[in-house]
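Structural description and commentary
Listed below are the residues making up each chain.
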Amino acid sequence: MAGCKLYYFNAKGRAELTRYAYAFKDVSYEDIRFDDNNLKLEDFKPRTPFGSAPALEVNGVVYAQSMAIARYVAREVGLMGANSLETLKIDMILDALSSDIFPFLRDVFMGETDEIKAAAKTKAVEAIHKIFAKLEALVSGDYFLGSEVSLADLAVFNFVNDFLPALGTNVDDLSKITNIVSSLKANENIKKHLENRPKTDM
Amino acid sequence: MADCKLYYFNTKGRAELIRLLYAFKNVKFEDIRFEDKNKFEAFKPKTPFGSVPVLEVNGVYYAQSMAITRYVARELGLMGSTSLQALKIDMIVDALSTDIFPLLKEIVWGATDEIKNAAKNKVVEAIKKTLPAFEKLVSGDYFLGSEVSLADIIVFTFGNEALPMLGISLDDYPKLDKLVKSLKNNENIHRYLTSPDTPKK
């Protein structure tokens, strides 16, 4: 799978999960970030299916949609489980995060008024605690699938490590989730990625 | 493939795509529908997130409609034959299910007429961009070429229900138009859509 090119802004945002998947398995790829000198999103858009980023270029073909890309890369590096039911469990966890929590985040950070932002923050924190309590029950052994790390663990790590602090809450009361997060944080490949990645707000 | 039990209300909602996949491939499954809210409330504690649809496989409950949809599609051979084909399918599915479908829901369930109208305007704008993109992605008869996949089926439901509801035609998109008509005329899909047992809403 040599030579995939990932295109995104100079931010964590919707691309970081894919970057974590590559980093965790120490697989190389081109991590291209739009900036005014090298490549602008406006110039790149026509090459994408929907005019959006992130985008992944594989063998000259450009694919879109952040979660589709994350799942593809996870499949290629061996993070989508060993069979179809394990993949279903991973997908279930990814979707719980992206459909039950993420929708609130847009208004938390980009809400038109402070009132909207505050209301969204309250709702987001409520949803987070509700969903994470359920995720805790799905951890089977060290990780969601047992002894093997999967994209589901990385997605939880991504959320807890990179997004949760800005919401002023934590999930420290959940021991298994906390274990996953600290275990991944201590992982050599993840550590290297956290040290080397550009420091960005989002 | 394993015996599967699908649990949902007696409505289309988030289960309909799953039911349609099974119908398209003419594969049996237990289609359990709660007759009333009490039955759902009794079932809730057993579910991973307190929500439905839920798919029970070998005694284990799985949640999240799109995760279930992808699983069933895999089992039925509707997720392509390679990882890159699965990526193409996922990309198309996500473009609809994450970017467009939530807006469609707001048109129907929005709290005020203002919210409903705003959603309608937003979705019409979004669709103007999505349809040309989808048209380019059709390769041959279907998105993957000659084989039908989950991408075609979800676009069929969109073209068959949502677009007419919004008064948007596929006249400018001949490949998509042909794809939707082809699936509408498919024997298994037609039988399913016209069956009295199939939820109408």
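Residues numbered from 1 in each chain as written. Chains lettered and ligands numbered in written order. Predicted model: local features only at pLDDT ≥ 70, side-chain atom pairs only at ≥ 80, totals over all residues. Heavy atoms only, no water.

**Observations concerning the side chain of E57 of chain A**
All names here are of chain A. Take E57: it is sitting in strand β3 (residues 55-58). At 2.6 Å, the side chain of E57 and the side chain of Y7 are in polar contact. A polar atom in the side chain of E57 sits 3.3 Å from the side chain of R47. Ignoring anything within four residues of it in the chain, the contact list for E57 reads G3, C4, K5, Y7, R47 and V62. (Helix = DSSP H or I, 4+ residues; strand = E, 2+ residues; numbered from the N terminus. Polar contact = N/O pair within 3.5 Å; in protein donor to acceptor, adjacent residues only side chain to side chain. Contact = heavy atoms within 4.5 Å.)

**Things to note about the packing of helix α6 (residues 114-138) of chain A against helix α7 (residues 151-163) of chain A**
Residue and element names in this part refer to chain A. Packing of α6 against α7 leaves a shortest axis separation of 13 Å and a crossing angle of 145°. As for the relative orientation of α6 and α7, their crossing is left-handed in sense. Packed against α6, whose contacting residues are I128, F132 and L135, the element α7 presents V156, F159 and V160 at the interface. (Axes fitted to C-alpha atoms, helices over the stretch in contact; angles between N-to-C directions. Left-handed = near helix turned anticlockwise from the far one by under 90°.)

**Notes on the layout of surface pockets**
All names here are of chain B. The space that makes up the second largest pocket amounts to roughly 380 Å³. A23, V27, K28, F29 and Y192 are the residues nearest the centre of the second largest pocket, which is lined by 15 residues in total. Among the elements of the structure, α1 (16-24), β2 (30-34) and α9 (187-194) are those that each provide at least two residues to the lining of the second largest pocket. Tallied by class, the residues present in the lining of the second largest pocket amount to five nonpolar, four polar and six charged. (1 Å grid on protein atoms, 1.4 Å probe; cavity = no way out; pocket = protein on both sides within 12 Å on 5 of 7 lines; lining within 4 Å. Points joined across faces, edges and corners; volume = space filled by probe spheres on them. Nonpolar A, V, L, I, M, F, W, Y, C, P; charged D, E, K, R; others polar.)

Read these as spatial facts, not as claims about activity.
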